[in-house]
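Here is what each chain is made of, one letter per residue.
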Amino acid sequence: MSSPYRLATAVTGACILLGSAGAVQASPFHGSYIGGQLGWVGYDIDYRDPTSDGRISGLSASGFTGGVMTGWGTVLDNGLYLGLELDAQNEDADLTVTIDEEELGVDSKYSYGITGRLGTTVNDNVLFYGLAGYQRSRLDYRLTDTEEDISIRFKDSINGARLGVGVEYQMDNRLFMRAEYSYTLFESERYHIEGETLHFDPDASRFMVGLGYRF
C-alpha cells in the first residue's frame, strides 16, 4: 500500500477514534454538507533527462480550478471539530518550456481526493481547521524535439499527500462560505520513452473559495 493511501487511512481512523472519545454538542458545523468551489492551482515541476543531461527546476504551471466537495463533520463538547471530505475539480494549468533542442509541455486536467479535517470553533459562526489526506491528479505531457521534428504525447495520474489550512463561516440559513489553502507533495515519476528515462518531481499549491450547504 502506497504512502498516500496509508495517510488517508490513518487520518480516517484518527477521526473515528477522536469522535468516540467525547460527546457531540449541538453546533451549526455538525452534519453532512455539499458545495462548490473555485480557485487557483499552481504546479511546480522539476524535470530531468539523464540521457541528454537536460535539467530544469521550478517549472510552474498555473491556472484556474473549480469543482465540488461533499463531507461530514461534527463538534465535540470541547469545541474540537472532526470531519472527513471528498473533493473533485477540473483544472486548467499549463506550461511550455524549451530545454536545449526539446520543448516540454505539461497540462493539468483534473484532480480529486479525500481529506480528514481537524479544527476548532471560535464561535457559533467561525471555524478554523487543518486538513491532511490524499490527492490524485491527471497530467498530460508533450515532448517535442524541434531539431528532428518528433513529438511525443503521454498522460499519467499522479498521487500525493495533501496538507492545508482553512476557515469557514456558517450563516443562519445553513449556507456556509469557505477559504482554503493546501499543498500536495506528489510522488516522483519516471517515464521510459524510446530508450530515454525522463524524471518528473511535481508538487502543487491550491487556493480555493467555496460556498456550501450543510444539512
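Residues numbered from 1 in each chain as written. Predicted model: local features only at pLDDT ≥ 70, side-chain atom pairs only at ≥ 80, totals over all residues. Heavy atoms only, no water.

With that out of the way, let us pick up the packing of aromatic side chains. According to the stated counting rule, one finds three aromatic pairs in the structure shown. Note on Tyr33 and Phe176: the rings are 5.6 Å apart at their centroids and 90° apart in plane angle, and the pair reads as edge-to-face. One end of the pair, Tyr33, is in strand β1 (residues 31-49); the other, Phe176, is in strand β7 (residues 175-186), with 143 residues separating them in the sequence. By the burial criterion, Tyr33 is buried, and Phe176 matches it. Considering the side-chain rings of Tyr43 and Phe186, the 6.2 Å spacing of their centres and the 15° angle between planes classify their relative orientation as stacked. Here the residue Tyr43 occupies a position in strand β1, and Phe186 occupies one in strand β7, the gap between them amounting to 143 residues. Side by side, Tyr43 and Phe186 carry an identical accessibility label, which is buried. In this structure, Arg214 packs its charged tip against the face of Phe176, placed 4.6 Å from the ring centre. (Phe/Tyr/Trp six-rings, centres within 6.5 Å; stacked < 30°, edge-to-face > 60°. Helix = DSSP H or I, 4+ residues; strand = E, 2+ residues; numbered from the N terminus. Buried < 20%, exposed > 50% of the residue type's maximum accessible area, 1.4 Å probe, protein only. Lys NZ or Arg CZ within 6 Å of the ring centre and 35° of its normal.)

What follows covers the pattern of salt bridges. Summed over the entire model, instances satisfying the criterion amount to 11 salt bridges. In this structure, Arg162 and Glu180 form a salt bridge, with 2.9 Å as the shortest nitrogen-oxygen distance. Here Glu180 lies in strand β7 and Arg162 lies in strand β6 (residues 150-170), a separation of 18 residues in the sequence. Assessed through its relative accessible area of 3%, Glu180 is described here as buried. In this structure, Arg178 and Glu168 form a salt bridge, with 2.7 Å as the shortest nitrogen-oxygen distance. With Arg178 in strand β7 and Glu168 in strand β6, the pair connects residues that are 10 residues apart, well separated along the chain. Glu168 matches Arg178 in its accessibility class, with the two residues each being buried. The network of salt bridges with shared partners includes Glu85, Asp87, Arg117, Arg162, Glu168, Arg178, Glu180 and Arg214. (Salt bridge = Lys/Arg side-chain N within 4 Å of Asp/Glu carboxyl O.)

Here we take up the pairing of strand β5 (residues 126-145). In terms of burial, β5 is largely enclosed, as 17 of its 20 residues are buried. Looking at chain direction, strand β4 (residues 102-121) and β5 are connected through 19 bridges and run antiparallel. Paired with Val106 across the strands is Tyr141, a residue of β5. Linking β4 back to β5 in an antiparallel pair, the connection comprises four residues. Pairing of β5 with β6, which is carried by 20 bridges, proceeds in the antiparallel orientation. Bridge pairing links Asp145 to Ile150 in β6. (Pairing = 2+ DSSP bridges.)

Time to look at the pairing of β6. Where β6 meets β7, 11 bridges bridge the pair, whose relative direction is antiparallel. Paired with Gly166 across the bridge in β7 is Glu180. What sits between β6 and β7 in their antiparallel hairpin is a turn of four residues, with Arg174 showing a positive phi close to 75°.

Taking the C-alpha atoms as reference points, Glu180 and Phe128, separated by 52 residues in sequence, lie 9.9 Å from one another. Those residues in contact with Glu180 that sit more than four places away from it in its chain are Arg117, Tyr129, Leu131, Arg162, Val165, Gly166, Arg206, Phe207 and Met208. Reaching out from Glu180, the side chain makes a polar contact with the side chain of Arg162 at a distance of 2.9 Å. (Contact = heavy atoms within 4.5 Å. Polar contact = N/O pair within 3.5 Å; in protein donor to acceptor, adjacent residues only side chain to side chain.)

Further remarks concern the nonpolar core. Within the largest apolar cluster, 22 residues are counted, with the highest numbers of intra-cluster contacts made by Tyr43, Leu104 and Phe200. Of all the secondary-structure elements, those providing two or more residues to this core are β1, β2 (54-75), β3 (80-99), β4, β5, β6 and β9 (196-214). No other element matches β1, which puts four residues into this core. Ranked by size, the runner-up nonpolar core spans nine residues in total, among them Phe29, Met69, Tyr81 and Leu127. (Core = buried A, V, L, I, M, F, W, Y, C linked by side-chain atoms within 4.5 Å.)

If you trace the backbone, Thr115 turns up in strand β4. Residues contacting Thr115, with those up to four places away along its chain left out, are Gly83, Leu84, Glu85, Leu131, Ala132, Gly133 and Arg162.

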